[in-house]
Amino acid sequence: MLYWLTEFSDGGDVFNLFRYITFRAGGAFFTALIFGFVFGRPLINLLRRRQGKGQPIREDGPETHFAKAGTPTMGGLLILTALMVATLLWARLDNPYVWIVLLVTAGFGLIGFADDYAKVSKANTKGVPGKVRMGLGLIIAAVASISAAMVHPDGLAFQLALPVFKDTLINMGYLFVPFAMIVIVGSANAVNLTDGLDGLAIMPVMIAAGTLGVIAYAVGRVDFTDYLDVHYVPGTGEILIFSAALIGGGLGFLWYNAPPAAVFMGDTGSLALGGALGAIAVATKHEIVLAIVGGLFVVEALSVIIQVLYFKRTGKRVFLMAPIHHHFEKKGWAEPQIVIRFWIISLILALIGLATLKLR
């Protein structure tokens, strides 16, 4: 919205700064960060009063988690509100990619909110039925995928771009839509599965968002795409502002989510942020790179899939408990040890993902 201040610029005054994506990304970051610090404690107090016993704890989970009983959930509201306010304030509102990513974030946030509300109100871990969650998520992802394909340049619409092999485009035709839907829904649910320890999910999400934000900025500039030899997707640079706002809001939330957590993100935050990462990947034509940058989320999701399939087939377990972060808890790793090591892995994967911009 503040971009419209450029209408008052003669090219040499302070209003001209609002033309620059990097300047507005910085503004979005600090807006979301300050929002988180200012409204974090009041929101936590409100959630504690409303929820009473807080988020229900799984009876079959690690024994150490019972000490967390009474901690309120739905802390994702803090991230999402800060993110939305900062993005709407600093991004160009005539950019379709901004609205696509916001649509996915808000849509999955509402699904997560309904799930969290059901769990808290019923005082058990059963929220919205999985089929309902999946169906609603697929509808949101379908709208976003079709919208992205419609605004992509003619040469890239319905195409799958590959990292490293940059001259290669796979024409998926209308199959691109279900593929993109899987990317968005899969990303949302993978982040949701990762959100099981204090601070575990939010930092890898911020790292992935920062990486994808840089990629969005790069592929949205023709001079950068010429140098890096990647596909030019005009308009995606504005997504950097969304990513910066996500990082700012995420840091504001992490201030209260750091062990021992004063509030949990809940499905409200994890589904929304995971869906946002998938939507950014689809918008920038970097769906495959998302699997690298978000490799931690992929491993978490695969650990659950492997555990379920192997147990159904043999009656035995591959892991002591899934998702895999619980496996390490069962092995005796301290919670902060798991969290920080997973952060390190996420950072390494992000650097690998960025490297694909130049490799060929």
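Structure: above.
Per-chain numbering applies: the sequence of each chain, read as written, is numbered from 1 onward. Residues qualify for local features only when their pLDDT is at least 70, as the model is predicted, and side-chain atom pairs are given and counted only at 80 or more; totals for whole chains, interfaces and linings, by contrast, use all residues. With hydrogens and water excluded, all non-hydrogen atoms of the structure serve as input to the side-chain values.

Draft legend 1. Quick look at the overall build of the chain. Only DSSP runs of H or I with at least four residues qualify as helices, and only runs of E with at least two residues qualify as strands; both kinds are numbered from the N terminus onward. Looking only at helices and strands, the chain features 13 helices and two strands. Radius of gyration here uses only the C-alpha atoms, and the compact-globule reference equals 2.2 Å multiplied by the residue count raised to the power 0.38. Scaling as 2.2 N^0.38, a compact globule of 360 residues should have a C-alpha radius of gyration of about 21 Å, and the chain matches this with 20 Å. Reported as C-alpha extents along the three principal axes, the dimensions of the chain are approximately 60 × 45 × 35 Å. For every residue, the accessible area (1.4 Å probe, protein chains only) is compared with the maximum for its type, and the residue is labelled buried under 20%, exposed over 50%, or partly exposed between those bounds. Residue burial in the chain is summarised as follows: out of 360 residues, 54% are buried. Contact definition: two residues touch when any of their heavy atoms are within 4.5 Å. Look at the contacts in the chain between residues 6 or more apart in sequence, and 73% of them connect residues 24 or more apart. Surface summary for the chain: the accessible area is close to 16100 Å², and the carbon and sulfur share equals 69%. Only the protein chains shown count as cover for residues, and the accessible areas themselves come from Shrake-Rupley with a 1.4 Å probe.

Draft legend 2. Representation of the nonpolar core. Residues Phe108, Ile202, Phe242, Leu246, Leu273 and Leu277 are the most contacted members of the largest nonpolar core, which totals 91 residues. Here this core takes 13 residues from helix H6 (residues 202–219), the largest share from any one element. When near neighbours in sequence (up to four residues on either side) are disregarded, Phe242 contacts Leu83, Thr87, Val101, Leu102, Thr105, Ala276 and Ile280. Residues belong to one nonpolar core when they are buried, are Ala, Val, Leu, Ile, Met, Phe, Trp, Tyr or Cys, and are joined through side-chain atoms within 4.5 Å. Leu296, Phe328, Ile338 and Phe342 belong to the second-largest nonpolar core, a separate cluster that totals nine residues.

Draft legend 3. The packing of H6 against helix H8 (residues 239–257), seen in detail. Angles shown run from 0 to 180 degrees and are taken between the N-to-C directions of axes, each axis being a line fitted to C-alpha atoms and, for helices, limited to the stretch in contact. In the contact formed by H6 and H8, the axes pass within 8 Å of each other and the chain directions differ by 165°. Here H6 lies roughly antiparallel to H8, going by the angle between them. Both H6 and H8 take part in a crossing whose hand is left-handed. Counted together, Ile202, Met203, Val205, Met206, Ala209, Gly210, Gly213, Val214, Ala216 and Tyr217 of H6 and Ile239, Leu240, Ser243, Leu246, Ile247, Gly250, Leu251, Phe253, Leu254 and Asn257 of H8 form the full contact between these two elements. Considered class by class, the residues forming the contact of H6 with H8 number 15 nonpolar, five polar and no charged. Throughout, the term roughly parallel applies to angles under 35 degrees, roughly antiparallel to angles over 145, roughly perpendicular to angles from 65 to 115, and oblique to all others. Each crossing gets its hand from how the near helix is turned against the far one by less than a right angle, where anticlockwise is left-handed and clockwise is right-handed. For this classification, the nonpolar set comprises Ala, Val, Leu, Ile, Met, Phe, Trp, Tyr, Cys and Pro, the charged set comprises Asp, Glu, Lys and Arg, and every other residue, Gly included, is treated as polar.

Draft legend 4. Broad picture of the packing of aromatic side chains. In this scheme Phe, Tyr and Trp rings, the latter by its six-membered ring, pair at centre separations within 6.5 Å, and the angle between planes marks the pair as stacked below 30 degrees, edge-to-face above 60, and tilted otherwise. What the rule picks out here adds up to 13 aromatic pairs. Relative to Phe342, the ring of Phe328 has its centre 6.2 Å away and its plane inclined at 85°; by these criteria the two rings are edge-to-face. In this pair, Phe328 sits in helix H12 (residues 324–330) while Phe342 sits in helix H13 (residues 335–355), placing the two residues 14 residues apart along the sequence. With a relative accessible area of 5%, Phe342 lands in the buried category. A connected cluster of aromatic rings, assembled from ring pairs, spans Phe158, Tyr174, Phe176 and Phe179. Whether a charge sits over a ring comes down to the Lys NZ or Arg CZ being within 6 Å of the ring centre and within 35 degrees of the ring normal. Positioned above the aromatic ring of Trp333 is the side chain of Arg341, whose terminal nitrogen or guanidinium carbon lies 4.7 Å from the ring centre.

Draft legend 5. Inspection of a nonpolar patch on the surface at higher detail. Residues Val298, Leu302, Ile305, Ile306, Leu309, Tyr310 and Val318 make up a contiguous nonpolar surface patch of roughly 590 Å² in combined accessible area. For Ile306, the location among the structural elements is in helix H11 (residues 295–314). Here a patch means residues that are over 30% exposed by relative accessible area and free of salt bridges, tied together within 9 Å if like-charged and within 5 Å if nonpolar (Val, Leu, Ile, Met, Phe, Trp, Tyr). Note on definitions: salt bridges are taken to be side-chain nitrogens of Lys or Arg within 4 Å of carboxyl oxygens of Asp or Glu.

Draft legend 6. Broad picture of helix H2 (residues 76–90). With 15 residues, H2 should reach 21 Å at 1.5 Å per residue; the first-to-last C-alpha distance of 21 Å fits that figure. Within the span of H2, buried status applies to Gly76, Leu78, Ile79, Leu80, Ala82, Leu83, Met84, Ala86, Thr87 and Trp90. Structurally, H2 contributes buried residues whose contacts are with helix H1 (21–51), helix H3 (96–122), H6, H8 and helix H9 (266–284). Working rule for helices: expected span equals 1.5 Å times residues minus one.

Draft legend 7. Broad picture of the packing of helix H5 (residues 176–194) against H11. With their axes 8 Å apart at the nearest point, H5 and H11 run at an angle of 80° to one another. The angle between H5 and H11 places the two elements in the roughly perpendicular class. Of H11, the residues touching H5 (which contributes Ala190, Val191, Leu193 and Thr194) are Phe297, Glu300, Ala301 and Val304. Residues of the contact of H5 with H11, tallied by class, amount to six nonpolar, one polar and one charged.

Draft legend 8. Seen up close, unusual backbone geometry. In this structure, Pro260 follows Pro259 across a cis peptide bond, with omega equal to -10°. Unlike most non-glycine residues, Asp229 shows phi in positive territory, near 60°. With respect to the helices and strands, Asp229 occurs in the loop between helix H7 (222–228) and H8. Its identity is not glycine, yet Lys285 carries a phi of approximately 65°, on the positive side. Taking the relative accessible area as the measure of exposure, Lys285 reaches 2% and is therefore buried.

Draft legend 9. Focus on H3. Counted at 1.5 Å a residue, the expected span for H3 with its 27 residues is 39 Å, and the 39 Å between its end C-alpha atoms agrees. Pairs of N or O atoms are called polar contacts if they sit within 3.5 Å, as long as, within protein, a hydrogen donor faces a hydrogen acceptor (for residues adjacent in sequence, only side-chain-to-side-chain pairs). In this structure Asn95 caps H3, since a side-chain oxygen of it lies 2.9 Å from the backbone nitrogen of Tyr97. Phi for Ala123, located one or two positions after H3, is positive at around 55°.

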